[in-house]
Amino acid sequence: MSDIFKFENKLTFPEKCFVSGDKKTIFGETLFRDVLFLDYRDTEAGSNPREYIGLKKTNLEIIKSILKDQEMFRFLHSGMIVSATGVNIDSDYLSISYETCCLTNGNQTRFIILILSLLKQYSTNTKSLENFVQRSFNEFLNHEFKNNNPIRDFLRLVKFPKVSEVRKFLCDNNKYFTNFNALALDKLLNSKIRITINSLDKITESIDNLDEYATGTLIANANNDTQNVKVDDIFGSKHKKFLEETIFRDFIAKYGSKVEIEYRFGEIIGRKPKVHILTLLRPVIATGIFTKYKEIFRLSNQRAPIYNIFIRLIRNKEKGKVQTTIKVVSKIIPLLYSIREDIVINQLKLQRDIYYREYVEKAINGELKNTSIRNNIKFENNEPSEDTKRVLRNITNYNIEHIFPVVVFRIRNLIKDSENRAELVITKDKEGEFLKSIINAIYKRYIELKLIGSSGSITTEIRSDKFFESGAEAYETLKDIYKFGETNCIKDNQYLIQEVKSSAL
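By convention here, each chain's residues receive numbers from 1 onward along its written sequence. Since the coordinates come from a predicted model, pLDDT governs what is reported: local features require at least 70, and pairs of side-chain atoms require 80 or more to be given and counted, while whole-chain, interface and lining totals use all residues. Neither water nor hydrogens contribute to the side-chain values; these are computed over all heavy atoms in the structure.

S.K.: Break down the packing of aromatic side chains for me, citing the residues and quoting the values.
M.R.: Whether two aromatic rings pair depends on their centres lying within 6.5 Å, for rings of Phe, Tyr and Trp, where Trp uses its six-membered ring; planes under 30 degrees apart make the pair stacked, over 60 edge-to-face, and the rest tilted. Across all of its chains, the model carries 34 aromatic pairs by this definition. With a centroid separation of 5.3 Å and 80 degrees between ring planes, the pair formed by F409 and F468 is classed as edge-to-face. Within this pair, whereas F409 is found in helix 19 (residues 400-411), its partner F468 is found in helix 22 (residues 465-468), the two being separated by 59 residues in sequence. Only protein chains enter the accessibility calculation, which uses a 1.4 Å probe; a residue whose area is less than 20% of its type maximum is buried, one above 50% is exposed, and one in between is partly exposed. For F468, a relative accessible area of 0% puts it in the buried group. Taken together, the ring pairs in this structure connect F7, F37, Y40, Y52, F111 and F154 into an aromatic cluster. The ring of F111 carries the charged tip of R110 above its face, separated from the ring centre by 4.6 Å. In this scheme, Lys NZ or Arg CZ marks a charge over a ring once it lies within 6 Å of the ring centre and within 35 degrees of the ring normal. The cationic tip of R412 hangs over the ring face of F409; the distance from NZ or CZ to the ring centre is 3.9 Å. Helix and strand assignments come from DSSP, with helices taken as H or I runs of at least 4 residues and strands as E runs of at least 2, each series counted from the N terminus.

Here it is in structure tokens:
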């Protein structure tokens, strides 16, 4: 197996990259070898629906440009844009690592680079591109990457006809074929390309009601607007009828006249208020009704795994136990949605202003000297500078998709199944204050995690069991004060589903 091609969640920069002051954007030049396998299809960092289109005019010019002069290529083309979650910038600014990414602009260029690299390695192995048929190419791929499943999985996207047309262009154009033959694979892979990285964790901290996937998809969709490509959520489109009749039945009964469910991201424009299906499905996972205890943390704020779990549920819909679980889930969804919309959103907005003022005072009083932002605290005329205030706003900003699952997790054992609806065991007169106390405790811990700083990202931290313990003390205290008992609603109606990594949506 070749060790020339590597599948790593890492980008390297021969020269130091530039990082914006708010760390939302990173600019630099990376190597061809680092962009070969950048994900782009329906990842946690977004979805870029535009596939490689083959040797159209623009792509043909890209091939010619690469083969003419690898050193000039980076100056002649606009480069790539990548959205990523879990971005960690090395202290020397010569590399970044990330958890998930979506190549939102530059997919055509990347596939051309990848195809040229594969053809170069193929010709090195076989000594020729003349006898090039699908069988021989498949044998080459199987031999070259037999022990590298991530690369093998990605290469399924590289269709033989698209590779074959590049080979044909080379063989039919002596000038470029000569350049191709003279070009060493290592030199090709070490060629540079300009790249921009959008750090979704940082971006979503200052945007309400958008998670990393939605933000990444917006970026990808904006870059694809000229191609008239629409984002199509396969899961929602395929299972819409079933979802409406079962899982979303009670939500539609309660909110159908006020809120429209969006099954494909971006499909509803200019109509009444909308809610994406993920906003409704994700909180259900946090109750633990489908998963083992420890799985709840890992699945927080995820996308594809949530769909996969519900696909498994749908496949087993004829089972009696599953039908009972679906009925309870249908009742739980409008309950959680009302808690999110009527209490959590408003409380977080209110508390954000309070915490911002509190941390401005902490900065003035020198109480942030042992935090991750200590070097960013500056003063002008004995007042925090505008840059300092910007840093503090970033620290106290939040992504509701990080916090709401923990709220649901904390109150999961207070859900009871009444005849026509699900509700909390807490009386209405105490429910508001109870939930506000839980929300504030979780939000405070969220800010503290950001102030501590770590080698990972806030996305990693919010998927940890430690973060999900936020609000536990407040919960136990209020439970004793209000003297309410927990229920077995979730446990009695639980249908455990083992998540699968890939599925036919």
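So much for the structure itself; the text now carries on.
S.K.: Outline the sheet that holds strand 8 (residues 192-199), listing residues and values.
M.R.: The strand order across the open sheet built from five strands is 2-3-8-4-7, with neighbouring strands paired in mixed fashion. Whereas interior strands pair on both sides, the edge strands pair on one side only; in this sheet they are strand 2 (18-19) and strand 7 (100-105). At least two bridges found by DSSP between two strands are what make those strands a pair. Note: strand 2 against strand 3 (residues 25-31), two bridges, orientation antiparallel. Paired with V19 across the bridge in strand 3 is I26. Contacts between residues were defined by any pair of non-hydrogen atoms, one from each residue, lying within 4.5 Å. Every axis corresponds to a line fitted to the C-alpha atoms, with the helix fit spanning only the stretch in contact, and the corresponding angles, defined between N-to-C directions, vary from 0 to 180 degrees. Strand contacts of helix 4 (residues 107-126): strand 4 (80-85), strand 7 and strand 8, with the helix running at about 105 degrees to strand 7, the strand carrying the most contacts.

S.K.: So what about the sheet that holds strand 6 (residues 95-97)? Which residues, and what values?
M.R.: Strand order in the open sheet formed by three strands is 1-6-5, with antiparallel pairing between adjacent strands. The open sheet terminates on both sides in strands that have one partner only, identified here as strand 1 (10-12) and strand 5 (88-89). The sheet contact formed by strand 5 and strand 6 spans two bridges and is antiparallel. The residue bridging N88 from the neighbouring strand is S97, located in strand 6.

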